[in-house]
Amino acid sequence: MRDPKLREIDQRAFLRRLNPMLDVYAAAMEPPDEQLPGRHTIMERHASYPGFRAFVVERRGALPVLTGPVQGFAYGFHGTRGQWWHDVVHQALSDREGPEHAEEWLEDAFEVAELHVHPRAQGRGLGRSLLNALCDGRPERTVVLSTLDRRPETPARNLYRSVGMVDLLSDFEFPGGGPRYAVMGGTLPLAPYSPAPRRE
């Protein structure tokens with residue numbers, strides 16, 4: 001069986017893969033089943049945002065044994081006012097540190113909307129490869145994202161720290177409830193990989 005292959009996909013290819021990508025999302029995030037149709041709609045809408053870019057890791061040329069054809073995926077876009085995540089985070093940063101702080105991080109930001117690797121394909125560096133490919137050559141000044149704020153810290157959180165990203169918000173609850181998130185940000189290009197120190 002061939003190794004998974006990382007490649008960039010355009011908007012049409014992204015939309016064709018929505019269902020297998022949602023399978024990866026569901027396996028990685030374990031959301032309630034009733035949330036998946038809404039997530040499908042959100043991802044479909046994101047594909048129309050300015051500066052949209054997406055990468056997928058797929059197993060090609062053979063039937064997969066442990067997972068579907070998509071092993072992992074990541075996508076993002078240029079953040080602008082009027083986008084729900086952008087506006088919520090901008091308001092939260094403004095409330096906590098002032099509007100100048102919010103503008104510093106979000107005025108010219110690449111927003112990583114989703115980055116997931118199927119649990120059975122984790123531990124092989126696919127998440128790092130997806131993140132690096134997604135951010136490589138971006139024209140924006142900063143990169144921002146949200147990730148689950150759990151203890152002990154998740155491998156995803158440590159990955160983001162290892163390329164220079166820092167917490168902008170922690171223990172943050174988005175409108176509508178749900179789990180707590182950390183909003184993280186870094187400058188582009190990403191810092192060279194440095195293993196994140198273990199936290200007690």
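Just so we're clear, the structure is a prediction, and the values are computed from it rather than from any experiment. (Residues numbered from 1 in each chain as written. Predicted model: local features only at pLDDT ≥ 70, side-chain atom pairs only at ≥ 80, totals over all residues. Heavy atoms only, no water.)

1. Observations concerning the packing of helix H6 (residues 126–135) against helix H7 (residues 155–162)
Next up, step 1: In contact at an axis separation of 11 Å, H6 and H7 are set at 45° when each is read in the N-to-C sense. By the angle class used here, H6 and H7 are oblique. The interaxial crossing formed by H6 with H7 has right-handed handedness. Note on element contacts: H7 touches H6 through Leu159, Tyr160 and Ser162, opposite Gly127, Arg128 and Leu131.
Next up, step 2: Looking at the contact of H6 with H7, its residues break down into three nonpolar, two polar and one charged. (Axes fitted to C-alpha atoms, helices over the stretch in contact; angles between N-to-C directions. Helix = DSSP H or I, 4+ residues; strand = E, 2+ residues; numbered from the N terminus. Parallel < 35°, antiparallel > 145°, perpendicular 65-115°, else oblique. Left-handed = near helix turned anticlockwise from the far one by under 90°. Contact = heavy atoms within 4.5 Å. Nonpolar A, V, L, I, M, F, W, Y, C, P; charged D, E, K, R; others polar.)

2. Points about the sheet that holds strand S2 (residues 53–58)
Next up, step 1: With mixed pairing, the seven strands of this open sheet are ordered in space as S1-S2-S3-S4-S5-S7-S6. Each edge of the sheet is formed by a strand with only one pairing partner; in this case those strands are strand S1 (5–9) and strand S6 (166–172). Direction aside, neighbouring strands of the sheet carry axes that sit 20° apart on average.
Next up, step 2: Pairing of S2 with strand S3 (residues 70–78) involves six bridges; the strand directions are antiparallel. When the bridges of S3 are listed, glutamate 58 appears paired with valine 70.
Next up, step 3: Relative to the sheet, helix H4 (residues 84–97) contacts strand S4 (109–117), strand S5 (142–148), S6 and strand S7 (181–187), its axis offset from that of S6 by approximately 95°. (Pairing = 2+ DSSP bridges.)

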